[in-house]
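What follows is each chain in one-letter form.
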Amino acid sequence: MVGGPVSGVDIFRLDGKAAVIAGGGGAIGSAIAVGLAAAGAQVAVVGRSVDSLEATAARIAASGGTCAVLPADVTDGDAAEEVVAQAANRFGRLDILVNAVGGGAGKVLFSAEEYPKDAWDWIFELNVRSTLLPTQAAAKAMIAGGRGGRVLNISSVRASLGINAGYSAYVAAKGAISSLTRQWATEWAKHGINVNAISPTFVDTPQVAMLLDDPEFKAGIVSRIPLGRVGGTDDLIGPAIFFCSDASAFVTGQVLGIDGGLTATQ
Ligand SMILES: NC(=O)c1ccc[n+]([C@@H]2O[C@H](COP(=O)([O-])OP(=O)(O)OC[C@H]3O[C@@H](n4cnc5c(N)ncnc54)[C@H](O)[C@@H]3O)[C@@H](O)[C@H]2O)c1
């Protein structure tokens, strides 16, 4: 089980733990996969793009870590079950699931009164279904394993803050992720499974490049962030290690803003 008293910085170590990173080939998922591996976890990266998964695995291998590449579409329930089982078999256990599949907001910007149903469904599939199905598979494996575990979701400041940029479906999907984080934490506490989420503001990644490449838009965003910049993928690594390690043994159902202070101010 992830948990139990240990001391000093060892509480942040993940040696002997096995982690599945859904979306481990993406900008944020790959950074978290590399970070968890550096903290000692054996990592399996799951996603649709084999090339990007291989790139993450190569970075981890170059640092002497262990990374399995498991291609799958995690919006397919059978595929999600299968890759989670493959990872658990490969490592002999499953301790951590990170859900880093999602996004898409910038590709479907529509005014709220005209938001199209197909774009709405696509955003919910990419963000909510892609989180639900791996989590159900991992929770069943963790419950069967009897050692508890950790689930880390990726929400967004958009779960709490509106934005004048056609984001209706995305804000609703991220609201669902934050709500599910609290619900799963409540239901699975009895199994020793802690469920938390990180909630970034804009992170400098290809997904949001189109928006951040607009100097006026970026200046508007940055002007509202007390620390005066958007996030980088490395900003998410420390919080991810915290939530996946014994350091957060008594923390569950929480959504942590990784936002340079954006949600602390007005
Ligand atoms: N980038 C940001 O500014 C930002 C800010 C807040 C929250 N987030 C959230 O962080 C998460 C990751 O974002 P990112 O910028 O790393 O995106 P990304 O597109 O770089 O990574 C997502 C990965 O998921 C994979 N994927 C997509 N659909 C899949 C499916 N059905 N099955 C398996 N794999 C699939 C993609 O191939 C990609 O590798 C998302 O949930 C996003 O909403 C991003």
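Residues numbered from 1 in each chain as written. Predicted model: local features only at pLDDT ≥ 70, side-chain atom pairs only at ≥ 80, totals over all residues. Heavy atoms only, no water.

(A) The arrangement of the pairing of strand β4 (residues 96–99) in detail. Burial along β4 is two-sided: the face carrying Ile96 and Val98 and the face carrying Leu97 and Asn99 are both buried. By the bridge criterion, four bridges tie strand β1 (residues 18–22) to β4 in an arrangement that is parallel. The partner of isoleucine 21 across the bridge, within β4, is valine 98. Pairing between β4 and strand β5 (residues 149–154): four bridges, direction parallel. (Buried < 20%, exposed > 50% of the residue type's maximum accessible area, 1.4 Å probe, protein only. Helix = DSSP H or I, 4+ residues; strand = E, 2+ residues; numbered from the N terminus. Pairing = 2+ DSSP bridges.)

(B) Looking closely at the environment of glycine 146. With respect to the element layout, glycine 146 can be found in the loop between α4 (117–145) and β5. A residue is classified by how much of its surface remains accessible, and glycine 146, at 61% relative accessible area, is exposed. Here the alpha-carbon distance between glycine 146 and glutamine 254, two residues 108 residues apart in the chain, equals 23 Å.

(C) A look at the packing of aromatic side chains. For the structure on display, the rule yields seven aromatic pairs. A centroid spacing of 5.6 Å and a plane angle of 85° characterise the contact between phenylalanine 110 and tyrosine 115, whose relative ring orientation is edge-to-face. Owing to a relative accessible area of 12%, tyrosine 115 belongs among the buried residues under this scheme. Between tyrosine 167 and tyrosine 170 the ring centres are 5.6 Å apart and the planes differ by 90°, which places this aromatic pair in the edge-to-face class. Accessibility classification places tyrosine 167 together with tyrosine 170 in one group, the buried group. (Phe/Tyr/Trp six-rings, centres within 6.5 Å; stacked < 30°, edge-to-face > 60°.)

(D) Region of interest: the nonpolar core. Ile21, Ile32, Leu36, Val43, Val98 and Ile198 are the most contacted members of the largest nonpolar core, which has 31 residues in total. Taken together, the elements giving at least two residues each to this core come down to β1, α1 (27–38), β2 (42–47), α2 (50–62), β4, β5 and α8 (237–244). At six residues, α1 tops the list of elements feeding residues into this core. In terms of nonpolar packing, the next biggest core, distinct from the first, is built from 26 residues, Ala18, Ala79, Ala87 and Val195 among them. (Core = buried A, V, L, I, M, F, W, Y, C linked by side-chain atoms within 4.5 Å.)

(E) Spatial organisation of the site of the ligand. Taken together, 29 residues form the shell around the ligand, and within it Ile28, Tyr170, Val203, Thr205 and Gln207 come nearest. A distance of 2.8 Å is found between a nitrogen atom of the ligand and a side-chain nitrogen or oxygen belonging to aspartate 73. One nitrogen or oxygen atom from the main chain of valine 203 is found 2.7 Å from an oxygen atom belonging to the ligand. Comparing atom positions with the cavity grids shows the ligand to sit within the largest pocket. By residue class, the composition of the shell around the ligand is 13 nonpolar, 13 polar and three charged. (Near = heavy atom within 4 Å. Polar contact = N/O pair within 3.5 Å; in protein donor to acceptor, adjacent residues only side chain to side chain. 1 Å grid on protein atoms, 1.4 Å probe; cavity = no way out; pocket = protein on both sides within 12 Å on 5 of 7 lines; lining within 4 Å. Sits in = over half its atoms within 2 Å of the grid points. Nonpolar A, V, L, I, M, F, W, Y, C, P; charged D, E, K, R; others polar.)

(F) Region of interest: the side chain of asparagine 99. Among the structural elements, asparagine 99 can be located in strand β4. Among the residues examined, asparagine 99 registers a relative accessible area of 2% and is labelled buried. Only 2.8 Å separates the side chain of asparagine 99 from the side chain of threonine 135, close enough to count as a polar contact. For asparagine 99, the side chain forms a polar contact with the side chain of asparagine 153, separated by 2.8 Å. Contact partners of asparagine 99, with chain neighbours within four places excluded, come to Ala22, Ser130, Thr131, Pro134, Thr135, Val151, Leu152, Asn153 and Ile154. (Contact = heavy atoms within 4.5 Å.)

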